[in-house]
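Listed below, chain by chain, are the residues.
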Amino acid sequence: MPVVRIPTPLRPHTGGNDSVEASGSTVAEVLGHVGTQYPGLRERIFDGEELRRFVNVYVNNEDIRYLEDLATPVAEKDEVSIIPAVAGG
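Let me sum up the structure you'll find in this document.

1. What about the side chain of Ser81?
Item 1. In this fold, Ser81 is placed in strand β7 (residues 79-84).
Item 2. Every residue in contact with Ser81, bar those within four places of it in the chain, is listed here: Arg5, Asn56, Val57 and Tyr58.

2. Section: the sheet that holds strand β1 (residues 3-5)
Item 1. In spatial order, the strands read β2-β1-β7-β5-β6; together these five strands make up an open sheet with mixed pairing. The sheet is open, and its two borders are formed by β2 (19-21) and β6 (62-63), each paired with just one other strand.
Item 2. Sheet topology note: the β1/β2 ladder contains three bridges and is antiparallel. Considered in β2, the bridge of Val3 is made with Glu21.

3. Quick look at the packing of aromatic side chains
Where two aromatic rings form a pair, the distance of their centres and the angle of their planes describe that pair.
Item 1. Across all of its chains, the model carries zero aromatic pairs by this definition.
Item 2. For the cation-ring pair, Arg42 lies above Phe46, with the distance from its terminal atom to the ring centre recorded as 4.6 Å.

4. Points about the pattern of salt bridges
Item 1. Inspection of the entire model under this criterion finds four salt bridges.
Item 2. Residues Asp63 and Arg65 are paired through a salt bridge, measuring 2.6 Å at the closest nitrogen-oxygen approach.
Item 3. Residue class for Asp63 comes out buried when judged on its relative accessible area of 9%.

5. Structural notes on the pairing of strand β5 (residues 55-59)
Item 1. Burial analysis of β5 places four of its five residues in the buried class, which makes it a mostly covered element.
Item 2. Note: β5 against β7, five bridges, orientation antiparallel. Its bridge partner being in β7, Asn56 is matched across the sheet by Ile83.
Item 3. The antiparallel hairpin formed by β5 and β6 contains two residues in its connecting segment, where Asn60 sits at a positive phi of about 50°.

6. Let's talk about helix α1 (residues 27-37)
Note: α-helices contain 3.6 residues per turn, so residues at a spacing of three or four share the same orientation.
Item 1. Every buried residue belonging to α1 is among Val27, Val30, Leu31, Val34 and Gly35, and all of these are buried. Along the long axis of α1, the arc covered by the buried residues comes to 135°, so they all point the same way.

7. Observations regarding the environment of Phe54
Item 1. If you trace the backbone, Phe54 turns up in the loop between β4 (50-51) and β5.
Item 2. The partly exposed category is assigned to Phe54, whose relative accessible area is 42%.
Item 3. The sequence separation of Phe54 and Ala28 amounts to 26 residues, and the corresponding C-alpha distance is 17 Å.

Reading guide: rules and limits
Residues numbered from 1 in each chain as written. Predicted model: local features only at pLDDT ≥ 70, side-chain atom pairs only at ≥ 80, totals over all residues. Heavy atoms only, no water. Helix = DSSP H or I, 4+ residues; strand = E, 2+ residues; numbered from the N terminus. Contact = heavy atoms within 4.5 Å. Pairing = 2+ DSSP bridges. Phe/Tyr/Trp six-rings, centres within 6.5 Å; stacked < 30°, edge-to-face > 60°. Lys NZ or Arg CZ within 6 Å of the ring centre and 35° of its normal. Salt bridge = Lys/Arg side-chain N within 4 Å of Asp/Glu carboxyl O. Buried < 20%, exposed > 50% of the residue type's maximum accessible area, 1.4 Å probe, protein only. Arc of directions from axis to C-beta.

Take a look at the structure:
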C-alpha cells in the first residue's frame, strides 16, 4: 500500500501518526481513503472535492500540480507527502 506522510501540524488528526498506509491507484483515491480513516484530516486538506489552496501534495518528491494533479497515478510502494504551505514575511 502507498504510504502517506503526515506533517507535524496535521498529526493530531491522525492520532499522532507521522505516516499512514492507504489504498488507491490515484492521489484522489489515496487521500480519499485517508480522509475516510481520519475525517478531521480530510477537513483540513480538502475544500469539497478539491485540495485547499495552501495544501501541496507530492508523490515521490514530485509536485502533483506538475503531474496529473489528483488523477496522478500512485503505485504500491509510492510515498505521498502532504505539505502545508508556509507564509511569512
